[in-house]
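# Examining the three-dimensional arrangement
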Amino acid sequence: MSQASLIDGKDFAARLRARVATQAADLTARTGIVPGLAVVLVGDDPASAVYVRNKERALDSAGMHSLDHRLPATTEQATLLALIDRLNQDPAVHGILVQLPLPRHIDTATVLAAIAPEKDADGFHVTNAGLLAVGRPGVVPCTPLGCLMLLRDVLGRDLAGRRALVIGRSTIVGRPMAQLLLNADCTVTMAHSRTRDLAETCRQADILIAAVGRPEMVRGDWIKPGAVVIDVGMNRLPPACGETGGGRLVGDVHFAEALEVAGAVTPVPGGVGPMTIACLLVNTLAAACRRVGLPVPVEAVP
Ligand code: NDP
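Scope of this entry: the structure provided in the associated data block. Residue numbers run consecutively from 1 along every chain, following the written order of its sequence. This being a predicted model, a pLDDT of at least 70 is required before a residue's local features are given, and a value of 80 or more before pairs of side-chain atoms are given or counted; all residues contribute to the totals for chains, interfaces and linings. As a rule here, side-chain values cover all heavy atoms of the structure and leave hydrogens and water aside.

## With respect to the overall build of the protein chain
The helix and strand labels rest on DSSP assignments: H or I over at least four residues marks a helix, E over at least two residues marks a strand, and numbering proceeds from the N terminus. Of regular secondary structure, the protein chain possesses 10 helices and 11 strands. Reported as C-alpha extents along the three principal axes, the dimensions of the protein chain are approximately 55 × 45 × 35 Å. Throughout, exposure labels follow a simple rule: accessible area from a 1.4 Å probe, protein chains only, divided by the maximum for the residue type, with under 20% read as buried, over 50% as exposed, and the rest as partly exposed. For the protein chain, buried positions account for 48% of its 302 residues. Long-range pairs, those at least 24 residues apart, make up 68% of the contacts in the protein chain with a sequence separation of at least 6. Working note: accessible area of the protein chain is about 14000 Å², and carbon and sulfur atoms make up 54% of it. Neither His nor the chain termini are counted; the positive set is Lys and Arg, and the negative set is Asp and Glu. In plain terms, the charge of a residue is placed at NZ if it is Lys, CZ if Arg, CG if Asp and CD if Glu. Charged side chains of the protein chain number 29 positive and 29 negative; the gap between the two group centres comes to 2 Å. A contact between two residues is defined here by any heavy atoms of the two lying within 4.5 Å. For the accessible areas, the method is Shrake-Rupley and the probe is 1.4 Å, while residue cover comes only from the protein chains on display.

Here it is in structure tokens:
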């Protein structure tokens, strides 16, 4: 059997970032506005610090402002809410991103709900989740938006009638992913930890999205021959004998086995990950365009 083609998210994301940079420069030339994203990091989780740094670099290279707010892990919820209120009022801030997870004493839902929906760069506000659920324009969460772009790059824009399975039902990946696919007229199944006979359900899917957080859970014999497989999972394995630092980064799909069966598959790393940051730039630019009444970039409209 022939090998699956590789879906190169890194390359796609680089081209997307270049397009966004051009559009941002155009917006600045026409209006004097530089799109700005406020990035709020509470605490000193090392992984979050790396994500935030990568986001800031990406904004910078796209000609956008990154407005950095680092708060200690002991920050009171009221202090964080007061900062968000100030950012909501600040005209230089077009998007707000609060890096998750937040320290345990802070209620994530309350914080996300405090962000003005039009500045919600991550698309996690219930207003934006509701708009997506009823198929109306809003801010779409970055990771599922990136997955949809990759799917359309492989399968073409029209996904109507395809059988899609999303494994995982989190509010940041699984649920919005399923909504996007439904809005694109796929026949969508959602699976989760209570799903019975997941392997058999997977074998029905023309499109398989894995967003679980379990290393290499989806095996080759779960995949329908020719299916398009998008692996959202990012799992760090324990270091192998003799390895220093962290172990290998793997997805939720057994990549080598998937290559033998699928039609196309995303690698980890280099698949969905780079798309998430590129889509954050898309959402920030879109928020700045909306503010001045200009059309949003086509990429922000799934
Ligand atoms: P969550 O932990 O919030 O959700 C995981 C989902 O997987 C839950 O819905 C859970 O079901 C389901 N699940 C857990 N075990 C099983 C199982 N054995 N069988 C079927 N379903 C199962 O994770 P996230 O959605 O936040 O992230 C998922 C993965 O994607 C992680 O690896 C994360 O690191 C990665 N990720 C990658 C991003 C990127 O940019 N590439 C961005 C965001 C996430 P239940 O609801 O029943 O508990």
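Picking up after the structure, the text goes on.
## Examining the sheet that holds strand E5 (residues 163-167)
An order of E1-E11-E8-E7-E5-E6 is seen for the 6 strands of this open sheet, with the pairing classed as parallel. With one partner strand each, in any of the chains shown, strand E1 (5-6) and strand E6 (187-191) form the two edges of the open sheet. One ladder, built from 2 bridges, connects strand E8 (residues 228-231) with strand E11 (residues 264-265); its direction is parallel. Looking at E11, one finds that Val229 is bridged to Val265. For helices, the axis comes from a line fit to the C-alpha atoms of the stretch in contact; other axes are also lines fit to C-alpha atoms, and the angle between any two N-to-C directions lies between 0 and 180 degrees. In the packing of helix H6 (residues 142-155) onto the sheet, contacts are made with strand E7 (207-210), E8 and E11, and the angle to E8 comes to roughly 155°. Sheet strands touched by helix H7 (residues 174-183): E5, E6 and E7. Its angle to E6, the strand with the most contacts, is close to 170°. A pair of strands is considered paired only if DSSP assigns at least 2 bridges between the two.

## Focus on the state of the cysteines
Note on terminology: pairs of cysteine sulfur atoms within 2.5 Å are recorded as disulfides. For the structure shown, the criterion picks out 0 disulfides. With no disulfide of its own, Cys202 lies closest to Cys147 among cysteine sulfurs, the gap being 15 Å. Counting only cysteine sulfurs, Cys142 is the nearest neighbor of Cys279, a cysteine outside any disulfide, at a range of 6.2 Å.

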